[in-house]
Every structure is written in C-alpha cells, then in structure tokens.
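Residue-level listing of the chains:
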Amino acid sequence: MDKIKATATSWTTDFFDPETREEVKNLIANDPEELKERFYKNLEFGTGGMRGVMGVGTNRINKYTLGKNTQGLSNYLKKTYPNENLKVIIAYDCRHNSDTLSKTVAEIFAANGIHVYLFSKLRTTPELSFAVRHLGCHVGIVLTASHNPPEYNGYKVYWGDGGQIVPPQDGEIIAEINALSFEDIQFNADAGTIQSIDTDVDEAFFEASVKNGNFNAAGKDDFKIVFTSLHGTSITAIPEVLKRAGYNNVTVIEEQAEPDGSFPTVVSPNPEEPEALSIAIKKAEEIGADMVVGTDPDSDRLGIAVRNLDGQMELLNGNQTMVLMTKFLLDKHKEKGLKGNEFIATTIVSTPMMEQMAKAYGVEFKTALTGFKWIGKMIKDFPDSYFIGGGEESFGYMVGDFVRDKDAVTSTLLACEIATDAKAKGSSFYEELIKCYVNFGFYKENLVSLTKKGISGAEEIKQMLKDFKENPVESVQGSKVVWIEDYNTSISKNVQTGEEKPIDLPKSNVLIYETEDGTRIAARPSGTEPKVKFYISTNAKLATEADFKSVNSQLDTKIKGILAELNL
C-alpha cells in the first residue's frame, strides 16, 4: 500500500491540473480502497488496444495515461522513421470525453512535430483503419472502448498497413512508454500541424465499402431492414452505404440514432447481448421487416436478427453470421474462378466449421489468436495470398482487405446482400445457414462470460483459469478428451497417446479441450473487459434440412449438459 500511496502522491505535484490534484488528495485522505483500485497498476494493452474506466489514476483512462502513451508512441515513430515527415490520423467515437481526449492526443503528437489529421466529428473504427492507408499515414488512433459499459473509454493504435499493432512492435512501443515519466509529456501543440478532415475521406470509404460489399442482389425494393446504431458511430456510415447500394426500405430506430455515450436505452451497447437489439426486433415485428442489424459504439461489431423457420425474428450469433458471409464470398469468388492463393481466416475460439468450409472449397484456412489484429497481421505477413474474408465469434467480420480490422459497415451491407439474394430465390438467410449445416456439418456454439471486477476480480479470474488447467477435464457428456491445447506452453497434447505437437502461434492464456466427438471447450480471460470466458462448440451430422429442428434440439440439450458438468 505504501508504493500505491507514493504513486498517488506523485499526482499531487504542480504538473497535474488542479482538479486532478484535489481528487487524488481526497482519495488519499478518505478512500484507501478506491485509491488502491486506481493506482495499483498501469493500464495495459490487451487484445483490442487499451481500455479502462475513465477517471484519475494510473489504472484509469485520462489525459495523462493517454498522454504518456502518445508521447511514447511519438518517440517510437521518430526512432523508427528518422528521416520522414510523420503523419498520424485520429478518430473518436460517441463516448463521454472521446472528443476532448482526441484533441489532447492530437496536440501531443503535434507538439512532437508530427502532422495530425483529426476527424472533425465522430467516425467509425473501420473508416479510421481505411483512412490510415488512404492518406498514407504512419499511425492511426481511435478513441473508443468498443462495446464496454459507459464508464469506459480506450485507445486503439493502428500501424501504416491499417492493422492494429502486434508483437514485437507493441512491446517495443510499450517499452518506450514505460521509460517515460508523466512529466515528459509534451502538451503544448503547434496548432498549424493539426488538420481537420471530413467528407473527402468519408466519400472514399463509402465508395470502397459499396465496392466490396455490394453484389447487385435482386429484389432490394422488396427487402425491409431495421437498423440501430445503439447510440454509436455507425449512424454516420451505414444508412448512407445501404442507400448507395440500393436499399431504400431501411427503418432507423430513431430513439437510438443520436450518438450518446450514456447509451440510455440499453443495458449494454453490445450487439452480442439480445437485450441490446430488443427495440429494433420489436419494430421489425411491427412492420414485417426481413432483417434487423445493430452495431456497437465504434461500428466494428454487428448483430443480426432474421426470421427463422417459424417466421419469428431470431438473433444469430457471431459464428452463424460469419459462416454464411464466408460461404457467400467463397461462392462469388468461385464463380469468377479461384486462383489457388486464396485464404479465409478465423480465431482459435471460433467455430471449427470455418475449416471444414475451407477444405470443401479448396482454399487455405488460417487460424489466429483471439483479437482481430491477428487476422490483420495475416494479410501483412502473406502478401502473395489473397484474403477473401474472415471473422471471429464475437460478432466481428472483415470483407476483403481494404479495411484491416473488423468492419460492421461493409459487413452489414454484405449481410443484406445475402438475405436479399436468398429471398429473391425463394429462400432466406436462415434457410441458407441450414444448408451450410447440411453441407459442412452442424456446428453449434455457446459462450459463457463471467464478469469479475477490480483487484479481487482479477485474482479470481486468474484462479479460475489455473483450476481449469490443474484439474483437467477428462470427458464431456460421455466423450473422452483427446487433445489439450495449452497456448501458454505452446503445446497440443494427445492425452490418450502422449503425442505432443507444437502450437505455431504466440503464447496466450488460453486452454482448449477437444473430445473424441469433436466437442471443444475453451477458456480464456477477456483482453478488453474484466471477464473470464468459456467457449463451447458441439457438432452433429445434419442429413437433410428437414431434420434441422430435431438435431438443433439435441445440440441444445448437449450444451446444457456441458454447462451443468462445468458448473457454468
């Protein structure tokens, strides 16, 4: 506690603004537990950049913690590109303080002699990723906490290829940041090096999105969409992109259209949560819409609801959406003629069905750690390969490589194209998904997320994962475990034969069990939230579409049994 108090006391010096000094003094005098939470560690980069609760302290998002990041990044840029005119682009979302924090970040870059392009108003994360390459920038920054609760904000860093930073570069940047004190931050900007940008980049991004996501599906006039931005940035892009692609029957949920960091109409602005799309689904039922689309605050994730076999709106999970999007793209590329260098990609905790589909089409399948930065890295690492599309179970998808992160703008358009095309042919999005199950195997997944906040929560998560490893699962619903994949040790072991295989991916705190019948159970801590996550994947053969309901029910029963076995 003495070390924590000493760190906090350093925030009462004249370098820090009066409001910060007073708040820290009050915490020292009156609230030792809150003081501990705020100063016991420094915020760290996770799978989606740096995210945290806003407020005073080293373990909080504020102008000083982000300022230190920016100063360290400025120093790193100067060392990496010593003879270049450095350029950075900055975007921000709807969250509280995102606009002011983005200006602070811009001013620090400018104070270091770096030219800054700053979006004049909030913009989506995919547009930022696109704009990095479009404007030839060395780095892009977006101020966002994605789908986290309202008290959070964050800081994502993109490199010149438009993808998020990855090892070893992220470690090198972090080393630069850690070598600094807060007093090293240069706050006094040269205003002449900050350039406001607006519609020119929008136009280029909209054009690229329509080019990559529009396949001229028939029947658009007869297709009804309900769209909600969940108070986020996608309102600046998705309605316009849909309009340009020929969709005129789009109903926007007006009470959720105004950007608002408090997210007043939802418990969580996360399209993974059924509650988040409840207003849009209700509207869809009222007007007889074909599809509901909702996006998270920075518009990199999308949730989709479509009509099931009983004509009711059903929210699909990220695996289901990803599978059908990839199948559609594969079909389109196959029509043109596959050249043999194509690949699709997903993550280690996403559905195994993606690999089965790649085999069926004769394209390469690549798998990555959780976090879209790893899929972006694949495109950079394999310049002679052609990326068709790919995604992850957490409602993210990327169409082609013009954006190097998950992109709810283009993916929304693609989903509408698939559904419109299916409807025009007498089918539906849901029925096309069932056809995938018949052709590639019926894979059904379930996710359990347990929230554990604060210092005690972090320890609890650590202990849960330790227990999961030290008390190995031996069987799941009567099927014996065959493989244990430990990404901490980079070893995949066959527990029945003793065979070991190396895992050719960076080390990560992930453990996966796979049984004789192909059931997979994975556990990992979230890289962006105080959560521990358990991923369950089951599968069965689906002989005909007519058998769907009965086999679906069997898999549901199996998943419930697994949850009971694991006490989840």
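Everything that follows concerns the structure shown earlier in this document.
Read on for an overview of the structure. Please read these numbers as outputs of a predicted model, since none were measured by experiment. (Residues numbered from 1 in each chain as written. Predicted model: local features only at pLDDT ≥ 70, side-chain atom pairs only at ≥ 80, totals over all residues. Heavy atoms only, no water.)

## Structural notes on helix H15 (residues 429-440)
Part 1 of the argument: With twelve residues, H15 extends 17 Å between its outermost C-alpha atoms, agreeing within 8% with the 16 Å of an ideal straight helix rising 1.5 Å per residue.
Part 2 of the argument: Those residues of H15 that fall on the buried side of the exposure criterion are Phe429, Tyr430, Leu433, Ile434, Cys436, Tyr437 and Phe440. Down the axis of H15, the sector holding all buried residues measures 150 degrees, keeping them to one side.
Part 3 of the argument: Looking one or two residues beyond H15, the residue adopting positive phi is Gly441, at roughly 105 degrees. (Helix = DSSP H or I, 4+ residues; strand = E, 2+ residues; numbered from the N terminus. Expected span 1.5 Å × (residues − 1). Buried < 20%, exposed > 50% of the residue type's maximum accessible area, 1.4 Å probe, protein only. Arc of directions from axis to C-beta.)

## A closer look at helix H4 (residues 63-80)
Part 1 of the argument: Taking 1.5 Å per residue, 18 residues should reach 26 Å; H4 reaches 25 Å between its end C-alpha atoms and fits that length.
Part 2 of the argument: Among the 18 residues of H4, 13 are classified as buried, and the element is accordingly described as predominantly covered.
Part 3 of the argument: You can read the cap of H4 off the contacts: a side-chain oxygen lies 2.9 Å from the backbone nitrogen of Tyr64, and it is on Asn62. (Polar contact = N/O pair within 3.5 Å; in protein donor to acceptor, adjacent residues only side chain to side chain.)

## Observations regarding the packing of aromatic side chains
Part 1 of the argument: If you walk through the whole model with that rule in mind, you get 26 aromatic pairs.
Part 2 of the argument: For the ring pair Trp11 and Phe182, a centre distance of 5.1 Å and an interplane angle of 75 degrees mean the geometry is edge-to-face. One end of the pair, Trp11, is in the loop between helix H1 (2-9) and helix H2 (18-30); the other, Phe182, is in the loop between helix H7 (169-178) and strand E7 (194-197), with 171 residues separating them in the sequence. This pair shows no difference in class: Trp11 is buried, exactly as Phe182 is. (Phe/Tyr/Trp six-rings, centres within 6.5 Å; stacked < 30°, edge-to-face > 60°.)

## Section: the sheet that holds strand E11 (residues 302-307)
Part 1 of the argument: On the basis of which strands lie adjacent, the open sheet formed by five strands has the order E9-E8-E10-E11-E12 and mixed pairing. A single partner strand is all that each edge strand has here, and the edge strands are strand E9 (250-252) and strand E12 (313-315). The mean angle between the axes of side-by-side strands here comes to 20 degrees, regardless of whether they run parallel or antiparallel. (Pairing = 2+ DSSP bridges. Axes fitted to C-alpha atoms, helices over the stretch in contact; angles between N-to-C directions.)

## Some remarks on unusual backbone geometry
Part 1 of the argument: With an omega of 0 degrees, the peptide bond running from Pro167 to Pro168 counts as cis.
Part 2 of the argument: By secondary structure assignment, the location of Pro168 is in the loop between strand E6 (152-159) and H7.
Part 3 of the argument: One non-glycine residue, Ser299, adopts positive backbone phi at about 65 degrees.
Part 4 of the argument: Checked against the element boundaries, Ser299 lands in the loop between strand E10 (291-295) and E11.
Part 5 of the argument: Taking relative accessible area as the criterion, Ser299 reaches 0% and is therefore assigned buried.
Part 6 of the argument: Not every positive phi belongs to a glycine, and Phe395 is a case in point at roughly 65 degrees.
Part 7 of the argument: Counting through the fold element by element, Phe395 comes out in the loop between strand E15 (386-392) and strand E16 (396-399).

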